[in-house]
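Structural overview
Here are the chains, one letter per residue:
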Amino acid sequence: EEARAIVIQQDASLPQPKTIKIRSAKESRDVRVKVFGWVHRLRRQGRVLMFVVLRDGTGYLQCVFNDQLCQTYDAVTLATEATICVYGVIKSLPEGKTAPDGHEMVVDYWELIGASPAGGADNLLNEESGVDVMLDNRHMLIRGDNMSKMLKLRSVLIKAFRDHYYDRGYFEITPPTLVQTQVEGGATLFKLDYFGQEAYLTQSSQLYLETATPAVGDCYCIAQSYRAEQSRTRRHLAEYTHIEGECPFVTFEELLDRIEDLIVDVAQRVMDSPFAHLVTDLNPNFKVPKKPFKRMDYTDAIKYLKEHNITKDDGTFYEFGDDIPEAPERKMTDEINEPIMLCRFPAEIKSFYMPRTKEDNRLTESVDVLMPNVGEIVGGSMRTWKYEELVDGFKKNNLPLEPYYWYLDLRKYGSCPHGGYGLGLERYLTWLANRQHIRDCTIYPRFVDRCRP
Ligand code: 4AD
């Protein structure tokens, strides 16, 4: 009741404030400014002092409220995550006091814009929240320090990819994700009803990129891909951002060089950007990897697993022809502890479009790039470019030709040796930011039984 009676007014004799974002607070010290934001932290000291850390997406600003400013109804009911507008002067802090950027705003007037319920963000999330509560309230979780850093880093990273491709002369393609063809096997297809016809959410835009190479040459896309993965793992999502590249007239060796160049150059661009601190905050030990990466054949990986006693669950060894699952792959990668380009997988465990090697007809010109702490971040290969061989690949995989008529036409009208790859953006981020779980690298993760928020 007492608080309700207190009304604050702006002192008309004070200079008109300039509205600033917190990122430019340092250059705007010692003059009167106005800042909008969310109440990130709130601490009251007795009745006449209140500290607010304000957040506006560009930074954090400590604000001090004195006397009547913290006695109004809005002030005594203020809670974290409310939106406010503060007026005042930002002053550097004396020795011994700490706040973000070494300064604080002495508030002379403020307004509540959007209230937050008593208790603030703690109503929905607190230290005791379990995994499911955190996922249900992810729209609040992303306002936190780590998740907001991750979202920003993701944005910086996407720009680095685009800059890389632009610099190397690639054109960007924006393919549709509603398709009627599969790329990586029927087991992980999401089916849907498309005006009465069967269609799928795309697993990869590779086939469309291949069709674009005769039109624009080297090209790439950054598009969503979908996999109905039944298992919950630390590195699988049902929807992810897929960065794919396709290059006409390259050899397998040249393709490997390009993939390596992409991974290293993009990391270097991020570290050379004004946002390198996002990486070092999340992953203090990050170092841009050196080229060339270790190159290893699938056949040698099978040998490695034997020699290092990495076995299947039943204690037997992996043999030629076996798919190397996540666990042994991780073990090997973490032991070797440097990027590995794992090459030349057997045709039986790879996709219909992969050509055989000249040296060994059982093997394909394929590559997986494995990174310590994550495992596979890139899958790529040369593409079968001879019509008959491709038709053979379709037959061996029991795929109908009709829906792929346009893909087959590529092999009739000026075919050429070409290759490409797909890189999982969230996998790259898991590696770059050294996260435990791929879910931490996307705003609203999709996986079995989770489709909200
Ligand atoms: O190895 P994949 O299945 O290869 C392809 O889709 C090719 N058609 C790409 C191409 O050549 N254009 O997937 C490529 C990459 C993987 O290395 C991984 O980084 C990511 O996509 N990926 C996933 N990321 C998160 N969740 C999943 N369920 C993923 N499946 C693949």
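Residues numbered from 1 in each chain as written. Predicted model: local features only at pLDDT ≥ 70, side-chain atom pairs only at ≥ 80, totals over all residues.

As a further point, take the packing of helix 5 (residues 145–167) against helix 7 (residues 252–272). In the contact formed by helix 5 and helix 7, the axes pass within 9 Å of each other and the chain directions differ by 125°. By the angle between their axes, helix 5 is oblique relative to helix 7. Here the hand of the crossing between helix 5 and helix 7 comes out right-handed. Listed contacts from helix 7 to Val 156, Leu 157, Ala 160, Phe 161, Asp 163 and His 164 of helix 5 are Leu 262, Asp 265, Val 266, Arg 269 and Val 270. (Axes fitted to C-alpha atoms, helices over the stretch in contact; angles between N-to-C directions. Helix = DSSP H or I, 4+ residues; strand = E, 2+ residues; numbered from the N terminus. Parallel < 35°, antiparallel > 145°, perpendicular 65-115°, else oblique. Left-handed = near helix turned anticlockwise from the far one by under 90°. Contact = placed C-beta atoms within 7 Å.)

With that out of the way, let us pick up the sheet that holds strand 17 (residues 418–424). Taken in spatial order, the 8 strands of this open sheet run 7-11-12-17-16-15-14-13, and their pairing is mixed. Where the open sheet ends on each side, the last strands, each with one partner, are strand 7 (171–172) and strand 13 (294–297). Helix 10 (residues 326–336) rests against strand 13, strand 14 (340–343), strand 15 (366–371) and strand 16 (375–383) of the sheet, and its axis sits at about 105° to strand 16. (Pairing = 2+ DSSP bridges.)

On to the pairing of strand 12 (residues 239–248). When you tally the buried positions in strand 12, you get 9 out of 10 residues, the bulk of the element. The sheet contact formed by strand 12 and strand 17 spans 7 bridges and is antiparallel. The residue bridging Cys 247 from the neighbouring strand is Gly 419, located in strand 17. (Buried ≥ 20, exposed ≤ 12 C-beta atoms within 10 Å, placed from the backbone.)

The subject of this paragraph is the site of the ligand. The environment of the ligand is formed by 24 residues, the closest being Ser 204, Gln 206, Gly 379, Gly 422 and Gly 424. By residue class, the composition of the shell around the ligand is 7 nonpolar, 10 polar and 7 charged. (Near = placed C-beta within 6 Å. Nonpolar A, V, L, I, M, F, W, Y, C, P; charged D, E, K, R; others polar.)

Domain parsing of the protein yields domain 1 (2–122) and domain 2 (136–441). In this structure, domain 1 and domain 2 have C-alpha centres spaced 47 Å apart. (Domains from an automatic or database assignment.)

Segments scoring low in pLDDT should not have their predicted coordinates read at a detailed level. On average, residues of the protein carry a pLDDT of 96, and 100% of them reach 70 or more. With pTM at 0.96, the complex prediction returns an ipTM value of 0.99. (pLDDT = per-residue confidence, 0-100.)

As judged from the 2 bridges shared by strand 1 (residues 18–19) and strand 2 (residues 32–45), these two strands associate in the parallel manner. The residue bridging Thr 19 from the neighbouring strand is Lys 34, located in strand 2. Relative to strand 5 (residues 83–92), strand 2 runs antiparallel, the two sharing 7 bridges. Bridging from a neighbouring strand, Val 35 pairs with Val 86 of strand 5. Alignment of strand 2 against strand 3 (residues 49–55), held across 7 bridges, turns out to be antiparallel. Each bridged residue has a counterpart across the sheet, and for Gln 45 the counterpart in strand 3 is Leu 49. Between strand 2 and strand 3, which pair antiparallel one after the other, the connecting turn spans 3 residues, and Gly 46 there sits at a positive phi close to 65°.

Looking now at the environment of Arg 234. Relative to the helices and strands, Arg 234 resides in the loop between strand 11 (219–226) and strand 12. In this structure Arg 234 comes out as partly exposed when scored by C-beta crowding, with 16 C-beta atoms within 10 Å. C-alpha separation for the pair Arg 234 and Val 374, spaced 140 residues apart in sequence, amounts to 8.5 Å. If near-sequence neighbours (up to four positions away) are discounted, Arg 234 is found in contact with Gln 436, His 437 and Ile 438.

Quick look at the UniProt feature "domain: Aminoacyl-transfer RNA synthetases class-II family profile" (unreviewed entry) in the protein now. Look at the UniProt record and you will see "domain: Aminoacyl-transfer RNA synthetases class-II family profile" (unreviewed entry) annotated at residues 151–445. Along residues 151–445, the helical share is 34% and the strand share 21%, with 13 Å between the first and last C-alpha atoms. (UniProt positions renumbered as here; feature names shortened; annotations may be inferred.)

Below, the discussion takes up the environment of Gly 245. Among the structural elements, Gly 245 can be located in strand 12. By the C-beta count within 10 Å, which is 26 here, Gly 245 ends up buried. On a C-alpha basis, the gap between Gly 245 and Gly 419 in space is 8.5 Å, while along the polypeptide they are 174 residues apart. The residues touching Gly 245, leaving out its near neighbours within four places in the chain, are Tyr 170, Tyr 220, Gly 420 and Tyr 421.

Ranked by size, the top nonpolar core spans 65 residues in total, and within it Ile 259, Met 341, Leu 342, Val 369, Ile 377 and Leu 429 carry the most contacts. Residue contributions to this core peak at 9 residues, all from helix 7. By size, the runner-up hydrophobic cluster in this structure holds 24 residues, among which are Ala 25, Phe 65, Leu 69 and Ala 82. (Core = buried A, V, L, I, M, F, W, Y, C linked by C-beta atoms within 7 Å.)

The strand order 8-10-9 describes an open sheet built from 3 strands, whose pairing is antiparallel. Looking at which strands have only one partner, the edges of the open sheet turn out to be strand 8 (178–179) and strand 9 (190–194). Bridging between strand 9 and strand 10 (residues 197–201) involves 5 bridges; their strand directions are antiparallel. Its bridge partner lying in strand 10, Phe 190 is registered against Leu 201.

Two residues of an α-helix separated by three or four positions point the same way, owing to the 3.6 residues in each turn. All of the buried residues in helix 9 (residues 298–307) are Tyr 298, Ala 301 and Leu 305. Across the axial projection of helix 9, the buried residues extend over an arc of 50°, all falling on one side. Turning to helix 9, the residues buried within the fold contact strand 13, helix 10 and strand 14. Looking one or two residues beyond helix 9, the residue adopting positive phi is Asn 309, at roughly 60°. (Arc of directions from axis to C-beta.)

Attention now goes to unusual backbone geometry. Cis geometry marks the peptide bond from Lys 291 to Pro 292; its omega dihedral reads -5°. The topology assignment puts Pro 292 in the loop between helix 8 (276–282) and strand 13. With omega at -5°, the peptide bond leading from Arg 452 into Pro 453 counts as cis. Along the chain, Pro 453 turns up in the segment after helix 13 (425–432). Positive phi outside glycine occurs at Phe 249, with the angle close to 55°.

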